[in-house]
Number of protein chains: 2
Amino acid sequence: MPMDDAQHAYVDRVATFFTMFGSARAWAEILGWLMICEPAEQTQAQIAEDLGLSAGTVSTQLRAHVQLGMVEQVRVRGDRTQRYRLRSGAWYAVMASELERIRALGDLARAGDGVLPRDRPERVTELGDLADFFAREWPPLMERMTAELEKGPA
Amino acid sequence: MPMDDAQHAYVDRVATFFTMFGSARAWAEILGWLMICEPAEQTQAQIAEDLGLSAGTVSTQLRAHVQLGMVEQVRVRGDRTQRYRLRSGAWYAVMASELERIRALGDLARAGDGVLPRDRPERVTELGDLADFFAREWPPLMERMTAELEKGPA
DNA sequence: CAGTTGTTTCAGGCAATACTGAAAACATGC
DNA sequence: GCATGTTTTCAGTATTGCCTGAAACAACTG
């Protein structure tokens, strides 16, 4: 189903938002379209057609979405074409994965132990304290999140 | 004070980390150096010299840091040269400012009300629920953070 | 097994951005 | 105010990364 004007406007809004944070335009447009397209499952060819992107771009950016865990592929028996759709709980999964980045920040801070400045060492240690705090707080926060929104992740 | 090998290695580690998320190399190097340089206050000329960057690059990227609230300038009376240093509580401030981005995500979800798909509308509504949840949880979390790490923000 | 359709890969063009170097603008102390 | 050193601005250059289009590859159908 091709896009109507309102849908096009929304895809553009989503794309503008995410490109602001450094995402590729095509990546963001695909995300926006997969949020509102009907049906939720789409083939690469449909996406390319609807968004006016080349097949290669769709293949590449869609793979990026799959690897990030936002999108999953659906096999339909007796049909050769792969379908792609936004994963249920995709947004929650992104938040849950933040814990990894928090840990990476903690590692970064600890790596600074050998070069701790005499003058205002908190420039480095504050980062470590921050990472520790979030590493502790994040898991219970995620539990509350899934409990409260209880749509079940995957 | 010029960098020794260990310091150079750390600046490089910090720079590698942040460029991975799309930051400019110079921006990230300046951040890393301001975390460990001695003394904490540095002039633009010193930073350019120590990192091997041009004066123009330092001016531009340093301004970006100031606008983001990570770096502040210090006036020293009787000295014409401006000094720059990492703000106390800079890392906490970054986390506190996340609330704005959460709200922006909520707006993005609500903007999708007009194009809500019949098939699996939760693709859009989940994002709104998520944003609402974090908008509620974030302020008390920030309070706990500042209380627990109590170095005082600014 | 050949034909058809869908997907991936990759070289090349293109646009966006970072960085440099130099000149203009600015601020401060004398 | 003038001189001096600092900071900003900006045109030009280099680099990066996105996107395309075509060709190779894979999978199903008749």
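So, here is what we can say about the structure in this document. (Residues numbered from 1 in each chain as written. Chains lettered and ligands numbered in written order. Predicted model: local features only at pLDDT ≥ 70, side-chain atom pairs only at ≥ 80, totals over all residues. Heavy atoms only, no water.)

1. Section: the side chain of A:Glu137
Then, in step 1: Topologically, A:Glu137 is positioned in helix H7 (residues 122-149).
Then, in step 2: In this structure A:Glu137 comes out as buried when scored by relative accessible area, which is 12%.
Then, in step 3: At 2.5 Å, the side chain of A:Glu137 and the side chain of B:Arg144 are in polar contact.
Then, in step 4: Beyond its immediate chain neighbours, meaning those up to four positions away, A:Glu137 contacts B:Leu141 and B:Arg144. (Helix = DSSP H or I, 4+ residues; strand = E, 2+ residues; numbered from the N terminus. Buried < 20%, exposed > 50% of the residue type's maximum accessible area, 1.4 Å probe, protein only. Polar contact = N/O pair within 3.5 Å; in protein donor to acceptor, adjacent residues only side chain to side chain. Contact = heavy atoms within 4.5 Å.)

2. Here we look at the protein's contact with DNA strand C
Then, in step 1: Neighbouring DNA strand C are 21 residues; A:Gln44, A:Arg63, B:Thr57, B:Gly78 and B:Arg80 lie closest to it.
Then, in step 2: Counting only the atoms of DNA strand C that lie within 4 Å of the protein, the sugar and phosphate share comes to 72%.
Then, in step 3: Between DNA strand C and the protein, one listed contact pairs a phosphate oxygen with a side-chain N or O atom of A:Ser59 at 3.0 Å.
Then, in step 4: Separating a phosphate oxygen of DNA strand C from a backbone N or O atom of A:Gln82 is a distance of 3.1 Å.
Then, in step 5: Counted by class, the surface near DNA strand C contains four nonpolar, 11 polar and six charged residues. (Near = heavy atom within 4 Å. Nonpolar A, V, L, I, M, F, W, Y, C, P; charged D, E, K, R; others polar.)

3. Some words on the interface of chain B and chain A
Then, in step 1: The partner chain A presents 56 residues to the 56 residues of chain B that form the contact.
Then, in step 2: Between chain B and chain A lies a buried interface of about 4,900 Å² when both sides are counted; carbon and sulfur atoms form 66% of it.
Then, in step 3: It is B:Leu108, B:Arg123 and B:Glu126 in chain B that bury the most area against chain A; as a group they hold 14% of the surface buried on that side.
Then, in step 4: Between chain B and chain A we count four salt bridges in total. (Buried area = accessible area lost by both parts, 1.4 Å probe. Salt bridge = Lys/Arg side-chain N within 4 Å of Asp/Glu carboxyl O.)

4. Some thoughts on the packing of aromatic side chains
All names here are of chain B.
Then, in step 1: Evaluated as defined, the whole model comprises 12 aromatic pairs over all chains.
Then, in step 2: Each ring, one from Phe-17 and one from Phe-18, has its centre 5.1 Å from the other, and the planes form 80°; the classification is edge-to-face.
Then, in step 3: Arranged with centres 6.1 Å apart and planes meeting at 70°, the rings of Phe-18 and Trp-27 form a pair that is edge-to-face.
Then, in step 4: For Trp-27, a relative accessible area of 14% corresponds to the buried category. (Phe/Tyr/Trp six-rings, centres within 6.5 Å; stacked < 30°, edge-to-face > 60°.)

5. Comments concerning the relation of the copies chain B and chain A
Then, in step 1: Rotating chain B by 180° and translating it 0.0 Å along the rotation axis places it on chain A, where the RMSD comes to 0.1 Å. Between the two chains, the operation in question is that of a two-fold axis. Identified as the residue of chain B closest to the rotation axis by C-alpha distance is B:Gly22, at 3.2 Å. (Least-squares fit on C-alpha atoms with pLDDT ≥ 70 in both.)

6. Some thoughts on the nonpolar core
Then, in step 1: In this structure, A:Phe18, A:Phe134 and B:Phe134 are the most contacted members of the largest nonpolar core, which totals 90 residues.
Then, in step 2: Of all the elements, H7(A) adds the most residues to this core, at 11 residues.
Then, in step 3: Setting aside chain neighbours within four positions, we find A:Phe134 in contact with A:Ile102, A:Pro139, B:Met95, B:Trp138, B:Leu141, B:Met142 and B:Met145. (Core = buried A, V, L, I, M, F, W, Y, C linked by side-chain atoms within 4.5 Å.)

7. Remarks on helix H1 (residues 5-19) of chain B
Then, in step 1: Compared with an ideal rise of 1.5 Å per residue, which puts 15 residues at 21 Å, H1(B) spans 21 Å between its outermost C-alpha atoms and is within 8% of the ideal.
Then, in step 2: Those residues of H1(B) not exposed but buried are B:Gln7, B:Tyr10, B:Val11, B:Val14, B:Ala15, B:Phe17 and B:Phe18. All buried residues of H1(B) lie within an arc of 160° about the axis, which places them on one face of the element.
Then, in step 3: The elements touched by buried residues of H1(B) are helix H6 (98-110) and H7 of chain A together with helix H2 (25-36), helix H3 (44-51) and helix H5 (90-96) of chain B.
Then, in step 4: With a side-chain oxygen positioned 3.0 Å from the backbone nitrogen of B:Ala6, the residue opening H1(B) is B:Asp4. (Expected span 1.5 Å × (residues − 1). Arc of directions from axis to C-beta.)

8. A word on the protein's contact with DNA strand D
Then, in step 1: Residues in close proximity to DNA strand D total 19 residues, the closest being A:Thr57, A:Arg80, B:Gln44, B:Ser59 and B:Arg63.
Then, in step 2: Close to the protein, within 4 Å, the atoms of DNA strand D belong to sugar or phosphate groups at a rate of 70%.
Then, in step 3: A:Gln61 has a polar side-chain atom sitting 3.4 Å from a phosphate oxygen of DNA strand D.
Then, in step 4: The contact in question runs from a phosphate oxygen of DNA strand D to an N or O atom on the backbone of B:Gln82, over 3.0 Å.
Then, in step 5: For the surface near DNA strand D, the secondary structure elements donating two or more residues are helix H2 (25-36) and helix H4 (55-68) of chain A together with helix H4 (55-68) of chain B.
Then, in step 6: Per-element tally for the surface near DNA strand D: the top contributor is H4(B), with four residues.
Then, in step 7: Residues belonging to the surface near DNA strand D are distributed by class as follows: four nonpolar, 11 polar and four charged.

9. Here's the deal with the packing of helix H3 (residues 44-51) of chain A against H4(A)
All names here are of chain A.
Then, in step 1: Packing of H3 against H4 leaves a shortest axis separation of 9 Å and a crossing angle of 115°. Relative to H4, H3 is oriented so that their crossing is right-handed. Across the interface between the two elements, Gln-44, Ile-47 and Ala-48 of H3 pack against Ala-55, Val-58, Ser-59 and Leu-62 of H4.
Then, in step 2: Broken down by class, the residue content of the contact of H3 with H4 amounts to five nonpolar, two polar and no charged. (Axes fitted to C-alpha atoms, helices over the stretch in contact; angles between N-to-C directions. Left-handed = near helix turned anticlockwise from the far one by under 90°.)

10. So, the pattern of salt bridges
Then, in step 1: Throughout the structure, instances matching the rule amount to 23 salt bridges over all chains.
Then, in step 2: Residue B:Glu148 is joined to A:Arg136 by a salt bridge in which the shortest nitrogen-to-oxygen separation is 2.6 Å. Here B:Glu148 is found in helix H7 (residues 122-149), whereas its partner A:Arg136 is found in helix H7 on a different chain.
Then, in step 3: Since its relative accessible area comes to 49%, A:Arg136 is described here as partly exposed.
Then, in step 4: Note that A:Glu137 and B:Arg144 form a salt bridge whose closest N and O atoms lie 2.5 Å from each other.

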